[in-house]
Amino acid sequence: MNISITGVNKAFESRIRLGIMSALAVNDKLDFNTLKEFLDVTDGNLASHLTALEKLDYIMVNKQFIGKKPNTSYAATGIGKKAFAHHLTALEQLIRGVIE
Amino acid sequence: MKEKQDYIRDIAKVRSMMERSSKFLSLSGFACIMAGIYALGGAYIAYKVFGFNSNGIGYGVPGSADLSGELIKVIFLATLVLFLALGTAIFLSSRKAAKRGEKLWNPATKLVLINMAVPLIVGGLLILVMISRGLVGLVAPMSLIFYGLALYNASQFTYEEVRSLGLIQIVLGLLGAYFVSYGLLFWAIGLGVAHIVYGIYMHYRYER
């Protein structure tokens, strides 16, 4: 895992990955199109960030069919939620440290 | 290495994404004001033109459904007010969502609707039962109570002020149930005046 001394997680350096984790932190699961709408990114861009998070086991992918249409939904894993919480704490501490 | 400004922006992004993806924030304050005006208009017509007064129709003998012409007109009027308010809300909310670059239909919208649907459907069915039993006096207060419960239930997925609006409707509904002869008055205060005040407040707080 790539975590700096300050506790900031490199996986969340990209705003898009940060956005994905934020949305998944407050929703049980979200499908691809809904995420795309929230984040306002292209299909390819979103897909590559999702794959990166999936490789880290931060999110899990659930593929299923609704009628005949394939529907892919994403959910945060326990590991992912923990990593995200740590990252937020680190950000808070950094900001506070700089201000004080 | 990122700068402090970047971290602050990161936190802001997290907060806005959490809110945007879990809360229904497209309801327009203006739609609330319009709903209040429709309700006041409806209550006025029911009272002045049709002479609808819950004390007058009061409690019929159980089982003897008294579906007089006046009552049918009032029910028709109430349905018309409901659909006008719903139509305006959907139209103005989809415009507001488009302005914010979002779609009206998202997971948060679905959560709000599901959470409102249960109390509303139960209340609606109960009201139909009461009408069929001649308990017309309780229809206005019951609609307030169940509407208030629906708002209270859905408030965790939208603006937090919706919770207070729900509680106000419930209190007015209970008062209307006790003072049955003032049922229509409390109904006009709840669905009319409270909506207008709430809509103006929301407009100034969030839409300027």
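Criteria and thresholds
Residues numbered from 1 in each chain as written. Chains lettered and ligands numbered in written order. Predicted model: local features only at pLDDT ≥ 70, side-chain atom pairs only at ≥ 80, totals over all residues. Heavy atoms only, no water. Helix = DSSP H or I, 4+ residues; strand = E, 2+ residues; numbered from the N terminus. Areas by Shrake-Rupley, 256 points an atom, 1.4 Å probe, with all protein chains shown as cover. Contact = heavy atoms within 4.5 Å. pLDDT = per-residue confidence, 0-100. Buried area = accessible area lost by both parts, 1.4 Å probe. Salt bridge = Lys/Arg side-chain N within 4 Å of Asp/Glu carboxyl O. Polar contact = N/O pair within 3.5 Å; in protein donor to acceptor, adjacent residues only side chain to side chain. Nonpolar A, V, L, I, M, F, W, Y, C, P; charged D, E, K, R; others polar. Pairing = 2+ DSSP bridges. Expected span 1.5 Å × (residues − 1). Buried < 20%, exposed > 50% of the residue type's maximum accessible area, 1.4 Å probe, protein only. Phe/Tyr/Trp six-rings, centres within 6.5 Å; stacked < 30°, edge-to-face > 60°.

J.: Help me out: how do you make sense of the overall build of chain B in this one?
T.: Within chain B one finds eight helices and zero strands. Written out in order from the N terminus, the α and β elements of chain B read α-α-α-α-α-α-α-α. For the C-alpha atoms alone, the extent of chain B along its principal axes is close to 80 × 25 × 25 Å. Summing over all exposed atoms, chain B offers an accessible surface of approximately 11400 Å²; the carbon and sulfur share of this is 70%.

J.: How should the environment of B:L165 be read in this particular structure?
T.: Residues and elements named next belong to chain B. Inspection of the secondary structure assignment puts L165 in helix α7 (residues 161-178). Remark: the alpha-carbon pair of L165 and Y147, spanning 18 residues in sequence, is separated by 10.0 Å. Once you skip the residues sitting within four places of it in the chain, L165 turns out to touch L151, A194, H195 and Y198.

J.: Explain the confidence of the model for chain B here, please?
T.: As a note on interpretation, predicted positions should not be read in detail where pLDDT is low. When the pLDDT values of chain B are averaged, the result is 86; 91% of them are 70 or greater. Both confidence scores are given for the complex: pTM 0.78, ipTM 0.78.

J.: Even after reading the chapter, I still don't get the interface of chain A and chain B, so can you show me in this structure?
T.: Many authors give the size of an interface as the accessible area that is lost as the parts come together. Taken together, the contact between chain A and chain B spans 23 residues of the former and 19 residues of the latter. A buried area of about 2000 Å², summed over both sides, lies between chain A and chain B, and 72% of it is on carbon and sulfur atoms. Ranking the residues of chain A by area buried against chain B places A:R15, A:E37 and A:F38 at the top, with a combined share of 33%. The tally of links from chain A across to chain B stands at one salt bridge. The residue B:D10 makes a salt bridge to A:R15 at a minimum N-O spacing of 2.5 Å. The interface formed by chain A and chain B contains four residue pairs in polar contact (both at pLDDT 80 or more). Secondary structure elements with two or more residues in the side of chain A that touches chain B: α1 (15-26), α2 (32-39) and α4 (78-99) of chain A. No other element matches α4(A), which puts eight residues into the side of chain A that touches chain B. A per-class count over the side of chain A that touches chain B returns 15 nonpolar, four polar and four charged.

J.: What should I look at first to understand the pairing of strand β3 (residues 69-76) of chain A in this one?
T.: Successive residues of a regular strand alternate their side chains across the two faces of the sheet. Residues and elements named next belong to chain A. Sheet topology note: the strand β1 (residues 30-31)/β3 ladder contains two bridges and is antiparallel. Within β3, the position partnered with L30 by the bridge is Y74. Bridging between strand β2 (residues 59-66) and β3 involves eight bridges; their strand directions are antiparallel. By the bridge assignment, V61 is partnered in β3 with Y74. In this structure, the hairpin formed by β2 and β3 is closed by a connection of two residues, where G67 is found at a positive phi of approximately 65 degrees.

J.: When you look at the environment of A:D28 in this model, what are you seeing that I'm missing?
T.: All names here are of chain A. Secondary-structure assignment places D28 in the loop between α1 and β1. Separated by 62 residues in the primary sequence, D28 and A90 place their C-alpha atoms 24 Å from one another. In this view, D28 contacts Y74 and A75; residues no more than four positions away in its chain are not counted.

J.: Can you walk me through the sheet that holds β2(A) in this structure?
T.: Strand-to-strand pairing in sheets goes through backbone hydrogen bonds, with the strands running parallel or antiparallel. Here we have three strands laid out as an open sheet, ordered β1-β3-β2 (chain A), and antiparallel in their pairing. With partners counted over all chains shown, the strands left at the sheet margins are β1 and β2 of chain A, one partner each.

J.: Explanation requested: α7(B) in the structure shown.
T.: Structural remark: α-helix, 3.6 residues per turn; residues separated by three or four positions point the same way. Residues and elements named next belong to chain B. For α7, built from 18 residues, the straight-helix expectation of 26 Å at 1.5 Å per residue is met to within 8% by its first-to-last C-alpha distance of 26 Å. Every buried residue of α7 is accounted for by E161, V162, L165, G166, Q169, I170, L172, G173 and G176. At its buried positions, α7 is contacted by α6 (139-154) and α8 (183-206).

J.: So what exactly am I meant to see when it comes to the packing of aromatic side chains here?
T.: The relative placement of two aromatic rings is captured by the distance of their centres and the angle of their planes. Summed over the entire model, instances satisfying the criterion amount to five aromatic pairs over all chains. Their ring planes at 90 degrees and their centres at 4.9 Å tell us that B:Y178 and B:F179 sit as a pair that is edge-to-face. Each member of the aromatic cluster is reached from another via a ring pair, and the members are A:F12, A:Y58 and A:F84.

J.: Sorry, what's going on with the pattern of salt bridges here?
T.: Pairing between side chains of opposite charge can happen when the charged atoms of each approach one another. All names here are of chain A. Under the counting rule described, the total for this entry stands at five salt bridges over all chains. With a closest N to O distance of 2.8 Å, K36 and D43 form a salt bridge. Judged by relative accessible area, K36 falls into the partly exposed class, the value being 28%.

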